[in-house]
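Notes for the structure review
Chain residues, written in single-letter form:
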Amino acid sequence: STVIDMAYTAEQAAEILKQDSFRSSYLKELFDKQCIWSDPLSWNYFSEEYAKQVISGFEFLAKHETPYLLHCSAGRDRTGFAVMMLAILADAEKEDIITDYMITWENCYEVERGTVLWDYIRGWQIEDWMDRILTEYGNQGEETLKDATRNYLLRNGMNPDTLDLLIRKLTL
């Protein structure tokens, strides 16, 4: 198992694991085996900082074994966007990705499907992001969302061989 922690720095995570109140021997074992990557990702998904951070996390995933667990403090923004990219790379259907993303809003924030707020979040958080990836990283509208996501990662510095390895691991 491999964990991507997008809420804390490695130092903060180490301090949390040392606390007497922390009871997960499994997470302590993963930390000791260096199977936990920690870096509080930026909230600006199209910033250079976010791209570098998410690529660093994805490269960590590629070098480690599945299954993968990704988390932040709420699981909808930083984690949601990273998981969305991984799902796109794994050839998940667009509607399945959107539904999965919206489950966090439904379960944690009681946003009900079919409401104006649900539709707003779906459009603003997910569809706008997907449209922007296609616009900024697609090739004149001819590429798929997967191609555009690959381009986003590659143009921001991810090694092509590492990206291919990650995709293979995601689609086993």
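Right, let's walk through the structure included here. (Residues numbered from 1 in each chain as written. Predicted model: local features only at pLDDT ≥ 70, side-chain atom pairs only at ≥ 80, totals over all residues. Heavy atoms only, no water.)

**So, the packing of helix 5 (residues 94–109) against helix 6 (residues 116–137)**
The geometry of helix 5 relative to helix 6 is characterised by a closest axis approach of 11 Å and an angle of 130° between their N-to-C directions. The pairing of helix 5 with helix 6 is recorded here as oblique in orientation. In the crossing of helix 5 with helix 6, the sense of the turn from one axis to the other is right-handed. Between helix 5 and helix 6, the contacting residues are Lys94, Glu95, Ile97, Ile98, Tyr101, Met102, Trp105 and Glu106 on the first element and Trp118, Ile121, Arg122, Gln125, Ile126, Glu127 and Met130 on the second. When its residues are assigned to classes, the contact of helix 5 with helix 6 shows 9 nonpolar, 1 polar and 5 charged. (Axes fitted to C-alpha atoms, helices over the stretch in contact; angles between N-to-C directions. Helix = DSSP H or I, 4+ residues; strand = E, 2+ residues; numbered from the N terminus. Parallel < 35°, antiparallel > 145°, perpendicular 65-115°, else oblique. Left-handed = near helix turned anticlockwise from the far one by under 90°. Contact = heavy atoms within 4.5 Å. Nonpolar A, V, L, I, M, F, W, Y, C, P; charged D, E, K, R; others polar.)

**Some words on the sheet that holds strand 3 (residues 68–71)**
Ordered by their spatial adjacency, 3 strands build an open sheet running 2-1-3, and the pairing between neighbours is parallel. A single partner strand is all that each edge strand has here, and the edge strands are strand 2 (36–38) and strand 3. Strand-to-strand, the axes of this sheet are offset by a mean angle of 10°, without reference to chain direction. Here strand 1 (residues 2–5) pairs with strand 3 via 4 bridges, running parallel. Bridge assignment links Val3 to a residue of strand 3, and that residue is Leu69. (Pairing = 2+ DSSP bridges.)

**Considering the environment of Gly57**
On the secondary structure map, Gly57 appears in helix 3 (residues 48–63). Residue class for Gly57 comes out buried when judged on its relative accessible area of 3%. C-alpha of Gly57 to C-alpha of Glu93: the two residues are 36 residues apart in sequence and 23 Å apart in space. With sequence-adjacent residues up to four places away left out, Gly57 is seen in contact with Ile4 and Trp37. (Buried < 20%, exposed > 50% of the residue type's maximum accessible area, 1.4 Å probe, protein only.)

**Quick notes on helix 1 (residues 10–18)**
The α-helix advances 3.6 residues per turn, and as a result positions three or four apart in sequence lie on the same side. Among the residues making up helix 1, those that are buried are Ala13, Ala14 and Leu17. Considered in projection along helix 1, the buried side chains sweep an arc of 100° and stay on one side of the axis. Opposite the packed face of helix 1, turned more than 90 degrees from it, sit the exposed residues Glu11 and Lys18. Buried residues along helix 1 sit in contact with strand 1, helix 2 (25–32) and strand 2. (Arc of directions from axis to C-beta.)

**Let's talk about the nonpolar core**
Grouped together as the largest cluster of nonpolar side chains are 45 residues, with contacts concentrated most on Tyr50, Val54, Phe58, Trp129, Tyr152 and Leu153. Ranked by the residues each element gives to this core, the list is headed by helix 3, at 8 residues. Residues within four places of Tyr50 in sequence aside, it is in contact with Leu41, Ser42, Asn44, Tyr45, Arg78, Phe81, Ala82, Met85 and Tyr152. (Core = buried A, V, L, I, M, F, W, Y, C linked by side-chain atoms within 4.5 Å.)

**Things to note about the pairing of strand 1**
Across the two faces of strand 1 the burial is the same, with Thr2 and Ile4 and Val3 and Asp5 all buried. Taken together, the 3 bridges between strand 1 and strand 2 define a ladder with parallel strand orientation. Bridge pairing in strand 2 links Val3 to Ile36.

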